[in-house]
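Read off the chains here:
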Amino acid sequence: MDIRVQGLTKYYGDFLAVDHISFEVHQGEIFGFLGPNGAGKTTTQRMLTTLLEPTEGRIVINGHDLARDPYPIKRQMGLVPEESNVYTELTAWDNLMFTARLYRVPRSERAARARELLETFDLWKKRDVKVENYSKGMRRRLSIAMAIIHRPTLLFLDEPTPGLDAQSTRTIRGLIRQLNDAGTTVFLTTHQIEEANQLCDRVAIINHGQIAAIDTPERLKQAFRRVQSVEVALDPPVGEGLEALLGATTVVKMGDKWRLYTDDPSTLLFQVMDYARSRELRVVSLSTLGPSLEDVFLEITGQQVGAVRRTDEQAGKRRGRRMKR
Amino acid sequence: MKDGWARRLGDEIAQALNVTLKDMRVYYLRPGMIMFGFLMPFFMFFSFSVRREMAAAQGVARLLALTTFFTAAAAGPFIVPLERRLGTYDRLLAAPMSLLTLLLGKTAVGALFAIGVSLFALLVGVTVFGVYIAQPELLVAGLLLGSCSFSALGLIFGSIPVRNPGDVQMPSTLLRWGLLFISGVFIPLAEMSPAARLLAYLSPLTYAQDLMNHAVLGVGLLNRWLDIVVLLVSGMLFLLPSIWLHHHSRKLGY
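Rules used throughout
Residues numbered from 1 in each chain as written. Chains lettered and ligands numbered in written order. Predicted model: local features only at pLDDT ≥ 70, side-chain atom pairs only at ≥ 80, totals over all residues. Pairing = 2+ DSSP bridges. Helix = DSSP H or I, 4+ residues; strand = E, 2+ residues; numbered from the N terminus. Axes fitted to C-alpha atoms, helices over the stretch in contact; angles between N-to-C directions. Contact = placed C-beta atoms within 7 Å. Buried ≥ 20, exposed ≤ 12 C-beta atoms within 10 Å, placed from the backbone. Nonpolar A, V, L, I, M, F, W, Y, C, P; charged D, E, K, R; others polar. Domains from an automatic or database assignment. Parallel < 35°, antiparallel > 145°, perpendicular 65-115°, else oblique. Left-handed = near helix turned anticlockwise from the far one by under 90°. pLDDT = per-residue confidence, 0-100. Core = buried A, V, L, I, M, F, W, Y, C linked by C-beta atoms within 7 Å.

Caption draft 1: Structural context of the sheet that holds strand β8 (residues 185-190) of chain A. Residues and elements named next belong to chain A. Strand order in the open sheet formed by six strands is β6-β7-β8-β3-β9-β10, with mixed pairing between adjacent strands. Every interior strand has two partners, whereas the edge strands, β6 (77-80) and β10 (210-215), have only one. Each strand axis lies, on average, 15° off the axis of its neighbour in the sheet, ignoring direction. Pairing between strand β3 (residues 30-34) and strand β9 (residues 202-207): four bridges, direction parallel. Across the sheet, Leu-34 pairs through a bridge with Ile-205, a residue of β9. Along the sheet, helix α5 (residues 136-148) makes contact with β6 and β7 (154-158), crossing β6 at roughly 170°. In the packing of helix α10 (residues 293-301) onto the sheet, contacts are made with β3, β9 and β10, and the angle to β9 comes to roughly 30°.

Caption draft 2: Main features of helix α3 (residues 92-102) of chain A. Of all the residues in α3(A), the buried ones are Ala92(A), Asn95(A), Leu96(A), Phe98(A), Thr99(A), Ala100(A) and Leu102(A). Once α3(A) finishes, Arg104(A) follows within two positions and takes phi at roughly 55°, a positive value.

Caption draft 3: Spotlight on the interface of chain B and chain A. Contacts between the two partners involve 19 residues from chain B, matched on the other side by 22 residues from chain A. Secondary structure elements with two or more residues in the side of chain B that touches chain A: α1 (2-27), α4 (88-93) and α10 (224-252) of chain B. Examining the composition of the side of chain B that touches chain A, we find that seven residues originate from one element, α1(B), more than from any other. In terms of residue class, the side of chain B that touches chain A is built from seven nonpolar, five polar and seven charged.

Caption draft 4: Spatial organisation of the sheet that holds strand β2 (residues 15-25) of chain A. Residue and element names in this part refer to chain A. With antiparallel pairing, four strands are arranged side by side in an open sheet as β2-β1-β4-β5. Looking at the sheet topology across the chains shown, the edges are occupied by β2 and β5 (64-65). Pairing geometry for strand β1 (residues 3-12) and β2, over seven bridges, is antiparallel. Pairing of Lys-10 across the sheet is with Val-18, part of β2. Relative to β1, helix α1 (residues 41-48) is tilted by about 120°, and along the sheet it contacts β1, β2 and β4 (56-61).

Caption draft 5: Looking closely at the domain arrangement of chain A. All names here are of chain A. The domain boundaries assigned to chain A delineate domain 1 (3-216) and domain 2 (224-324). Domain 1 and domain 2 are separated by 37 Å when their C-alpha centres are compared. Those elements giving two or more residues to the side of domain 1 that touches domain 2 turn out to be α7 (193-199), β9 and β10. The element best represented in the side of domain 1 that touches domain 2 is α7, accounting for four residues. A per-class count over the side of domain 1 that touches domain 2 returns seven nonpolar, two polar and one charged.

Caption draft 6: Fine view of the packing of helix α6 (residues 136-158) of chain B against helix α9 (residues 204-217) of chain B. Residue and element names in this part refer to chain B. Direction vectors running N to C along α6 and α9 enclose 160°, while the axes themselves pass 8 Å from each other. By the angle between their directions, the pair α6 and α9 is classed as roughly antiparallel. In terms of crossing hand, the pair formed by α6 and α9 is left-handed. The residues of α9 that touch α6, namely those facing Leu-138, Leu-139, Ala-141, Gly-142, Gly-146 and Ser-149, are Pro-204, Ala-208, Leu-211, Met-212, His-214, Ala-215 and Val-216.

Caption draft 7: The arrangement of the confidence of the model for chain B in detail. Overall, the predicted model of chain B reaches an average pLDDT of 91, with 98% of residues at or above 70. Mean pLDDT values over the elements of chain B span from 81, in helix α2 (residues 31-49) of chain B, up to 96, in α6(B).

Caption draft 8: Spatial organisation of the confidence of the model for chain A. Residues and elements named next belong to chain A. Summary statistics for chain A give a mean pLDDT of 86 and a share of 92% for residues scoring 70 or more. Averaged pLDDT values for the elements of chain A fall to 35 in helix α11 (residues 312-317) and rise to 97 in α3. The low-confidence segment residues 306-325, where pLDDT is below 50, has 26 contacts with residues more than four positions distant or belonging to other chains.

Caption draft 9: Just the nonpolar core, in detail. Ranked by size, the top nonpolar core spans 158 residues in total, and within it Leu142(A), Ala145(A), Val186(A), Leu188(A), Leu260(A), Ala65(B) and Phe69(B) carry the most contacts. Examining the composition of this core, we find that 15 residues originate from one element, helix α3 (residues 56-86) of chain B, more than from any other. Taken domain by domain, the makeup of this core includes at least three residues from each of domain 1 (3-216) and domain 2 (224-324) of chain A. Once you skip the residues sitting within four places of it in the chain, Leu188(A) turns out to touch Ile30(A), Phe31(A), Gly32(A), Phe33(A), Leu157(A), Ala196(A), Leu199(A) and Cys200(A).

Caption draft 10: The arrangement of the packing of α3(B) against α6(B) in detail. All names here are of chain B. It is at 7 Å that the axes of α3 and α6 come closest, and there the two elements cross at 35°. Of the two possible hands of crossing, α3 and α6 adopt the one that is right-handed. Facing Thr-68, Phe-69, Ala-72, Ala-73, Ala-74, Ala-75, Gly-76, Pro-77, Ile-79, Val-80 and Pro-81 of α3, the residues of α6 in contact are Leu-143, Gly-146, Ser-147, Phe-150, Ser-151, Leu-153, Gly-154, Leu-155, Phe-157 and Gly-158. Looking at side-chain class alone, the contact of α3 with α6 contains 14 nonpolar, seven polar and no charged residues.

Right, here's the structure in full:
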């Protein structure tokens, strides 16, 4: 299924939550929708899933105008909202059966599909336990199972993994890939940048209700070469004075390491070595890093790296540099 | 094309039933439903009937009107805001069924609860007090139509875009109490002043009580067909504000 969004806008009273955004999601891709809190991610997803009426704009999914005829789209759509909306008074089995009936899964297939999903998500042994006794991770897994029991060709996931343990996160990410391999188009709303980096074919970054960037993760990183960095670990781990190095635009302490953002990593490497020698510090590790998707995100949304948007002139004057701890 | 519509209709009926059965399992034993749906009509009945001279049959007719009314109207204001708060209502709104199907499914939840509680009251009336039902067919009509109509009335409050049942319980209870006192339940229609009777005619509960009087006592003040038509039409009309409120909620994001 493909999605075409044109001029989508949402006002809550006078507050403009989504501001005339347009984008396309291609059939069979995993499309990441990134943005800081309050950027308009969930509002957009709720409009795409018919839960919220747009103020303006058009959503066409697989050729169907969602405002005119949502029924055929709804049948093919799966939705995993941010909060696991499972019925806690029912068992996992009953939750799945209810959803299967809701999506008109043929009676002969319901039990087999439910069993398959419960086994995949490691819930089979607790299928007859009421969900009120489940952990957060188990509820999340059940919520996803309920969203895919009818084998949707378009799956919306809103923050599927935050708060989950590593194993559950890996299971869910693996399943998203597996569904995508089987042809499901996935619309992934997240603020977990690394998740989007690992999973998505393309990402859109929304900020203040507007699409700030949209491309493949790698092309976005290429476009932000200026947020390359040098990462150094020193022994003893002191870093006073690193911010004074000419080539560094921003210096951020990351655990026992320091990350120095730069647009010229080769020059900065020598400066860091000189810095260590002059203070008789041992260099435990030293590496250059390309911009991560997180760097791109922060640059675009102006949250961290972007807080030091050094222009060429500013770079000359060494202004806007700051030390972050 | 015809097959498509028939299949769609079959799907919608099955989905409404699915919603109803799920709600019955999830909510019937919740304290809010037991308090407002089961205990409240009995409290009301005993509060206004004890130490008053009343035949058993008259008491049963009154109690049946109370249980269909109070119990049926209790479900909507409790269930829908609670589901909104828990996020489970989104699951229903995003599902491939029409809004009307969802509302009919929810209406049936309150209606079936009311019918169950009314049958319990009836059983006690018949077995303990030996009450004779004069016209059983009218009893069936009264229970079905009254329960559906009042459940749809309660659903109007449930459709108000809030996420806390407490926010709509108060206004819905106020309305129910108001209707109760103008509707000839505690003061028979025949004993009302002309002005009060005029007010009573505006309340669907008046017609439910009159139909119960026909069914249990064998006599009512109004024509039985008028009672039936008013309950049927009011039940359908009560769905309209719910549909409008749901469209409004969709604009607000509830």
